[in-house]
Amino acid sequence: SLSAGLDLPGRFLFATLTLMTLIAILVFIEEAVYIYRKIPSSKRSIIIWINAAAPVISTTSCIGMWVPRSTMFTDFTAGIFFAIVIHKFLMMMIKECGGQKVLLRRFENSHFTISTGPCCCCCLCLPRVPITRQTVFWLKLGTFQFAVFRPVLIFLSIVLWTNGNYVLYNLSPKGPALWISCFIGALTLFALWAVGIMFRKVRIVLKCKNIIPKFALYQFIVILNQLQTTIINIFATQKIIPCAPPLSSTARGSYIAQQLLIMEMFLITVISRVVYRRKYHDLEPPERVTEEPEDKKQTP
């Protein structure tokens, strides 16, 4: 068994990380109960979904750490959940503005700045788009497509994997892993772009709702769950992370990624409880917002 092959420091590390995962789950459950009692029903489920991102990723990483053969399934589960959370975060910003109708009245004469990351941060010549029902719909569609297509592609990957055609670390052009990963990457960029466009517009109005720390936590989850894990897997595939018998380079890279995620998601869960638990004042009644000078500056 796995525990029998661990030395004393290894067992202590596994026990500590498992305890951190359990604490993160308990913190989330307590926070979910608080949100259910104190938050209006229109925003309740969205905020619970967003707060669940870190503990869910921590739990799947912990399961993958203890049961190495389940790594592919746990990573795919976390990926599906995270795709839904990206859409929920966009919807939360709209809800915090009072809903779509109030958002459109508040920014009736304003424009979206689409020259923002991660897709078009260097394209300063792009035109500014008027804020209308259609443009808000396209932003919501940008995150919704990710919540729909990523589970479909992940399901396809599992089907190909069970048939022996999908090898996670085989990135040759002849294999499906490279093309599926590239397609998921493109969908991810478009979804993050939509969230970035909306955040850049509402960050001043929602400053009283602490939207900037909330967006920072969301960005940390994106970077740690997507970019960090991808970099570690690439290092493991290229043998930069050396093997340590009985673990191969890829298995050791997977262990490192999972253990880092458990610690990082534990911290994010605790910080999210502080940020989302505060009581915020309602926004003032919507008025026509003129173009703000901040919109003309590039967000760092």
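Because the structure is predicted, anything quoted here is derived from the model rather than measured.

What counts and what doesn't
Residues numbered from 1 in each chain as written. Predicted model: local features only at pLDDT ≥ 70, side-chain atom pairs only at ≥ 80, totals over all residues. Heavy atoms only, no water. Helix = DSSP H or I, 4+ residues; strand = E, 2+ residues; numbered from the N terminus. Buried < 20%, exposed > 50% of the residue type's maximum accessible area, 1.4 Å probe, protein only. Contact = heavy atoms within 4.5 Å. Areas by Shrake-Rupley, 256 points an atom, 1.4 Å probe, with all protein chains shown as cover. UniProt positions renumbered as here; feature names shortened; annotations may be inferred. Patch = residues over 30% accessible without salt bridge, like charges linked within 9 Å, V, L, I, M, F, W, Y side chains within 5 Å. Salt bridge = Lys/Arg side-chain N within 4 Å of Asp/Glu carboxyl O. Phe/Tyr/Trp six-rings, centres within 6.5 Å; stacked < 30°, edge-to-face > 60°. Axes fitted to C-alpha atoms, helices over the stretch in contact; angles between N-to-C directions. Parallel < 35°, antiparallel > 145°, perpendicular 65-115°, else oblique. Left-handed = near helix turned anticlockwise from the far one by under 90°.

1. Structural notes on the overall build of the protein
- Within the protein, the regular secondary structure consists of eight helices and two strands.
- Listed by position from the N terminus, the elements making up the protein come as α-α-α-α-β-β-α-α-α-α.
- Taken over 300 residues, the protein has a buried fraction of 46%.
- The long-range share in the protein, meaning contacts at least 24 apart out of those at least 6 apart in sequence, stands at 77%.
- In the form shown here, the protein has an accessible surface area of approximately 15,900 Å², with 69% of it arising from carbon and sulfur atoms.

2. A word on the UniProt feature "transmembrane region" (unreviewed entry) in the protein
- With numbering matched to this structure, UniProt assigns "transmembrane region" (unreviewed entry) to residues 12-34, 46-67, 73-91, 137-161, 176-195, 215-236 and 256-276.
- Helix makes up 100% of residues 176-195 and strand 0%, and the two end C-alpha atoms of the span are 29 Å apart.

3. Concerning the environment of I131
- Among the structural elements, I131 can be located in the loop between β2 (129-130) and α5 (133-162).
- Here the alpha-carbon distance between I131 and H111, two residues 20 residues apart in the chain, equals 5.2 Å.
- Discounting chain neighbours no more than four positions away, the residues touching I131 are L104, F107, S110, H111, F112, V136 and K201.

4. Topic: a nonpolar patch on the surface
- A cluster of nonpolar side chains, namely F137, W138, L141, F144, V148, F149 and V152, defines an oily patch on the protein surface of about 690 Å² accessible area.
- By the secondary structure assignment, W138 is in helix α5.

5. Things to note about the packing of aromatic side chains
- One pass over the structure, following the stated rule, counts ten aromatic pairs.
- When the centroid spacing of 6.0 Å and the interplanar angle of 50 degrees are considered together, the rings of F89 and F215 count as tilted. Here F89, found in helix α3 (residues 71-96), pairs with F215, found in helix α7 (residues 211-237); they are 126 residues apart in sequence, far enough to count as distant.
- Here F137 and W138 contribute two aromatic rings whose centre-to-centre distance is 5.9 Å and whose plane-to-plane angle is 65 degrees, an arrangement assigned as edge-to-face.
- Overall, the relative accessible area of 46% leaves F137 in the partly exposed class.
- A network of ring pairs unites the aromatic residues F89, F199, F215 and Y218 as a single cluster.

6. Let's talk about the packing of helix α2 (residues 41-66) against α3
- The N-to-C vectors of α2 and α3 enclose an angle of 160 degrees; their axes lie 8 Å apart at closest approach. Judged on the interaxial angle alone, α3 and α2 are roughly antiparallel. Pair α2 / α3 crosses with left-handed handedness.

7. Let's talk about the pattern of salt bridges
- Considering all chains together, one arrives at four salt bridges under this definition.
- In this structure, the salt-bridge partner of E30 is R273, at a minimum N-O distance of 3.0 Å. Highlighted residues: E30 in helix α1 (residues 8-38) and R273 in helix α8 (residues 249-277), separated in sequence by 243 residues.
- Residue E96 is joined to K209 by a salt bridge in which the shortest nitrogen-to-oxygen separation is 3.7 Å.

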